[in-house]
Amino acid sequence: QVQLVESGGGLVQPGGSLRLTCATSGTRFILHNVAWYRQAPGKQRELVARITSGYRTDYADSVMGRFTISRDNAKNTMYLQMDSLKPEDTAVYYCNLHNVLRSTDYWGQGTQVTVSS
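Residues numbered from 1 in each chain as written. Predicted model: local features only at pLDDT ≥ 70, side-chain atom pairs only at ≥ 80, totals over all residues. Heavy atoms only, no water.

### Quick notes on the overall build of the protein
Right, so step 1: When helices and strands are tallied, the protein shows 0 helices and 11 strands.
Right, so step 2: Along the protein, helices and strands appear, N-terminal first, in the series β-β-β-β-β-β-β-β-β-β-β.
Right, so step 3: The C-alpha atoms of the protein give a radius of gyration of 14 Å, which matches the 13 Å a tight globule of 117 residues would have.
Right, so step 4: If one aligns the C-alpha atoms of the protein with their principal axes, the spans along those axes are about 45 × 25 × 25 Å.
Right, so step 5: Counting every position in the protein, which comprises 117 residues, the buried fraction comes to 42%.
Right, so step 6: Once local pairs closer than 6 in sequence are excluded, the contacts in the protein between residues at least 24 apart make up 54%.
Right, so step 7: Carbon and sulfur atoms provide 45% of the accessible area of the protein, an area that totals close to 6,300 Å².
Right, so step 8: Between the averaged position of the 12 positive side-chain charges in the protein and that of its 9 negative side-chain charges there is a distance of 5 Å. (Helix = DSSP H or I, 4+ residues; strand = E, 2+ residues; numbered from the N terminus. Rg over C-alpha atoms; globule rule 2.2 N^0.38 Å. Buried < 20%, exposed > 50% of the residue type's maximum accessible area, 1.4 Å probe, protein only. Contact = heavy atoms within 4.5 Å. Areas by Shrake-Rupley, 256 points an atom, 1.4 Å probe, with all protein chains shown as cover. Lys, Arg positive; Asp, Glu negative; His and termini not counted. Charge placed at Lys NZ, Arg CZ, Asp CG, Glu CD.)

As structure tokens, this is what we get:
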């Protein structure tokens, strides 16, 4: 079975940094596109950053220049480096994997990021 497990969330002050990790298993990670989404209280889930199997990246305008998405195919893992965090970054962050062979999306359970002074 496909499993996605997020880690690295927590409480941080404005201007601080966190690195989120998404560990995957049960699929050929190298073939697939992966992404981070987030959902803040009272708001819809939104795409934060995406990285394709070809290492193309896309970012939400709100995080451009502050967040960096990356992947390590040898470890079946992707990361989200978050710098210069703002209170409005507070949300539950979810790992997403799109299996391009089966046209199927998989989701992690989410990790809470809270930015507050």
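Here the narrative resumes, following the displayed structure.
### As for the nonpolar core
Burial of nonpolar side chains together is a common tendency in soluble globular proteins.
Right, so step 1: Ranked by internal contacts, the top residues of the largest apolar core, which has 27 residues, are Trp-36, Leu-80, Met-82 and Tyr-93.
Right, so step 2: Mapped onto this core, the elements with two or more residues apiece are strand 3 (18-25), strand 4 (33-39), strand 5 (46-51), strand 7 (67-72), strand 8 (77-82), strand 9 (91-99) and strand 11 (111-115).
Right, so step 3: Top contributing element to this core by residue count: strand 9, with 4 residues. (Core = buried A, V, L, I, M, F, W, Y, C linked by side-chain atoms within 4.5 Å.)

### Some thoughts on the sheet that holds strand 7
Right, so step 1: Here we have 4 strands laid out as an open sheet, ordered 1-3-8-7, and antiparallel in their pairing. With one partner strand each, in any of the chains shown, strand 1 (3-7) and strand 7 form the two edges of the open sheet. Strand-to-strand twist of the sheet, defined as the mean angle between neighbouring strand axes without regard to direction, takes the value 15°. (Pairing = 2+ DSSP bridges. Axes fitted to C-alpha atoms, helices over the stretch in contact; angles between N-to-C directions.)

### Some thoughts on the pairing of strand 5
Right, so step 1: Direction of pairing for strand 4 relative to strand 5: antiparallel, over a ladder of 5 bridges. Across the sheet, Trp-36 pairs through a bridge with Ala-49, a residue of strand 5.
Right, so step 2: Taking the residues between adjacent antiparallel strands as the criterion, strand 4 and strand 5 are bridged by 6 residues, where Gly-42 takes a positive phi near 75°.
Right, so step 3: Judged from the 3 bridges that link them, strand 5 and strand 6 (residues 57-59) form a sheet pairing that is antiparallel. Bridge assignment links Arg-50 to a residue of strand 6, and that residue is Asp-58.
Right, so step 4: Hairpin geometry of strand 5 and strand 6 is characterised by an intervening segment of 5 residues between the two adjacent antiparallel strands and by a positive phi of about 70° at Tyr-55.

### Regarding the side chain of Arg-38
Right, so step 1: Examined against the element boundaries, Arg-38 turns out to sit in strand 4.
Right, so step 2: A distance of 3.0 Å separates the side chain of Arg-38 from the side chain of Asp-89, its partner in a polar contact.
Right, so step 3: Within the structure, the side chain of Arg-38 is placed 2.9 Å from the side chain of Tyr-93, a separation counted as a polar contact.
Right, so step 4: Setting aside its immediate chain neighbours within four residues, Arg-38 contacts Gln-44, Arg-45, Glu-46, Val-48, Ser-62, Val-63, Phe-67, Glu-88, Asp-89, Ala-91, Val-92 and Tyr-93. (Polar contact = N/O pair within 3.5 Å; in protein donor to acceptor, adjacent residues only side chain to side chain.)

### Considering the pattern of salt bridges
Right, so step 1: Per the counting criterion, the structure on display carries 5 salt bridges.
Right, so step 2: Notably, a salt bridge pairs Arg-38 with Asp-89, separated by 3.0 Å at the nearest N-O pair. In this pair, Arg-38 is assigned in strand 4 and Asp-89 in the loop between strand 8 and strand 9, connecting sequence segments 51 residues apart.
Right, so step 3: With a closest N to O distance of 2.8 Å, Arg-66 and Asp-89 form a salt bridge. (Salt bridge = Lys/Arg side-chain N within 4 Å of Asp/Glu carboxyl O.)

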